[in-house]
Amino acid sequence: MRRITLIASIASLSLAGCGTAPEPREAASPAPAAGRGSANWERPQAQLCLAQLGSSGAQFAPLPDRRDGGGCAALDSVKLDRVGGDLGPLTVTNLGPLACPLANSFAAWARYGVDRAARQILGSPIVQIETMGSYSCRNVAGTTRRSAHSRAEAIDIGAFVLADGRRITVKSGWDAGRDEREFLRTVHRSACKRFGTVLGPDYNTAHKDHFHLEHGDGSFCR
């Protein structure tokens, strides 16, 4: 599968155009990768989303629509490998299908909310963001309601790796020393400005080791 940095190639395409109730999360299982050419990317709104993601410096591959039944589907999704940072690309690990609008929000947060905060607070840029997955066909824990992960509209963040070799995890850093605490709380607050639902260690024990970032139109931040 070709990796695509859709800047010039998508910019010429025609143009068109956070949250649900809080949902305790588990790690998602990745979906198999697929190539381009699916009819879902012929729509102007989908083309615009890809163009915006490409212009951000992200490296990704568009995926064909996936419908697994039972209310689970990954539509207009991408396989995201890297996002753009001020000083270079930032690697993103362990991601399956990610809905394109969420990928755009994530790319902007990674650059402006995470990388810049790391340099200002920790004195080193970010080189990698470790996730605990995206798409997973499952319910909200303890309910019969499908989670945002079942639509590829949520991503779980577990850790950040700095250029100087340090690894800041949500689990150990949330109540650690001053700088790590300040960094994690800063990026959490920044996420609340870009995503409909943001859940972290202060929400419940199910989120003690990650940030849950969910696409949507609301504003639920815990």
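Residues numbered from 1 in each chain as written. Predicted model: local features only at pLDDT ≥ 70, side-chain atom pairs only at ≥ 80, totals over all residues. Heavy atoms only, no water.

Asker: In this structure, what is going on with unusual backbone geometry? I would like to understand it.
Answerer: The residue N94 is not glycine, and still its phi comes out positive at about 65°. You can see N94 is positioned in the loop between β5 (89-93) and β6 (98-99). On the accessibility criterion, N94 (43% relative accessible area) is partly exposed. (Helix = DSSP H or I, 4+ residues; strand = E, 2+ residues; numbered from the N terminus. Buried < 20%, exposed > 50% of the residue type's maximum accessible area, 1.4 Å probe, protein only.)

Asker: So what exactly am I meant to see when it comes to the packing of helix α2 (residues 44-55) against helix α3 (residues 100-122) here?
Answerer: Two measures define how a pair of helices packs: the angle their axes make with one another and the distance between the axes. In the contact formed by α2 and α3, the axes pass within 9 Å of each other and the chain directions differ by 20°. It follows from the interaxial angle that α2 and α3 lie roughly parallel. The chirality of how α2 crosses α3 is left-handed. Between α2 and α3, the residues in contact are C49, L50, Q52 and L53 and C100, P101, A103, N104 and A107, respectively. When grouped by side-chain class, the residues that make up the contact of α2 with α3 number 7 nonpolar, 2 polar and no charged. (Axes fitted to C-alpha atoms, helices over the stretch in contact; angles between N-to-C directions. Parallel < 35°, antiparallel > 145°, perpendicular 65-115°, else oblique. Left-handed = near helix turned anticlockwise from the far one by under 90°. Contact = heavy atoms within 4.5 Å. Nonpolar A, V, L, I, M, F, W, Y, C, P; charged D, E, K, R; others polar.)

Asker: How should the state of the cysteines be read in this particular structure?
Answerer: Think of a disulfide as a covalent bridge from one cysteine sulfur atom to another cysteine sulfur atom. Under the criterion given, the structure shown has 3 disulfides. Note on cysteine connectivity: C49 is disulfide-linked to C100, with sulfurs 2.2 Å apart. In this structure, the disulfide formed by C49 and C100 twists by about -115° around the S-S bond and is classed as left-handed. On the criterion of sequence distance, the pair formed by C49 in helix α2 and C100 in helix α3 is long-range, its members being 51 residues apart. C100 carries the same exposure label as C49, and that label is buried. The disulfide partner of C72 is C137, and the gap between their sulfur atoms is 2.0 Å. Taking the sign of the S-S torsion, 80° for the link of C72 and C137, the bridge is right-handed. With a gap of 65 residues between them, C72 in strand β3 (residues 72-74) and C137 in the loop between β7 (126-131) and β8 (154-162) connect regions that are remote in the sequence. Counting only the cysteines that form disulfides, in the order they appear in the protein, gives the pairing 1-3, 2-4, 5-6. (Disulfide = S-S within 2.5 Å.)

Asker: Can you help me understand the side chain of S105 in this one?
Answerer: Relative to the helices and strands, S105 resides in helix α3. With a relative accessible area of 18%, S105 lands in the buried category. Apart from the residues lying within four places of it in its own chain, the contact partners of S105 are R194 and F195.

Asker: I would appreciate a short explanation of α3 in the present structure.
Answerer: Three or four residues apart is the spacing at which side chains of an α-helix point the same way, because the helix has 3.6 residues per turn. In the structure, α3 departs most strongly from a straight axis at A110, where the bend amounts to approximately 35°. Burial analysis of α3 places 17 of its 23 residues in the buried class, the great majority of the element. Looking one or two residues beyond α3, the residue adopting positive phi is G123, at roughly 75°. (Bend = angle between axes of the 7 residues up to and from the residue.)

Asker: Can you walk me through the pairing of strand β11 (residues 211-214) in this structure?
Answerer: Within a regular strand, the side chains alternate between the two sheet faces. On β11, burial covers both faces: F211 and L213 on one face and H212 and E214 on the other are all buried. Bridging between β8 and β11 involves 4 bridges; their strand directions are antiparallel. By the bridge assignment for β11, D156 is matched with H212. Relative to β11, strand β10 (residues 197-199) runs antiparallel, the two being bridged by 3 bridges. Across the sheet, the residue bridging to L199 is H212, located in β11. (Pairing = 2+ DSSP bridges.)

Asker: Explain the confidence of the model for the protein to me, please; I cannot follow it from the model alone.
Answerer: Low pLDDT means the predicted atomic positions in that stretch should not be read closely. Mean pLDDT over the protein stands at 82; residues scoring 70 or higher make up 82%. Predicted confidence is poor over residues 1-37, with pLDDT under 50, and the contacts of this stretch with residues over four places away or in other chains come to 121 contacts. (pLDDT = per-residue confidence, 0-100.)

Asker: Honestly, the pattern of salt bridges in this entry has me stumped. Any pointers?
Answerer: Side chains bearing opposite charge may pair, as long as their charged atoms lie close to each other. Enumeration over the complete set of coordinates arrives at 13 salt bridges. For R167, the salt bridge goes to E130, with nearest N and O atoms at 2.8 Å. Of the two residues, R167 sits in strand β9 (residues 167-169) while E130 sits in strand β7, which places them 37 residues apart along the sequence. For E130, a relative accessible area of 17% translates into the label buried. With a shortest N-O distance of 3.5 Å, D179 and R178 are connected by a salt bridge. Judged by its relative accessible area of 31%, D179 is partly exposed. The exposed category is assigned to R178, whose relative accessible area is 70%. What emerges from the salt-bridge pattern is a single network uniting D86, R111, D115, R116 and R119. (Salt bridge = Lys/Arg side-chain N within 4 Å of Asp/Glu carboxyl O.)

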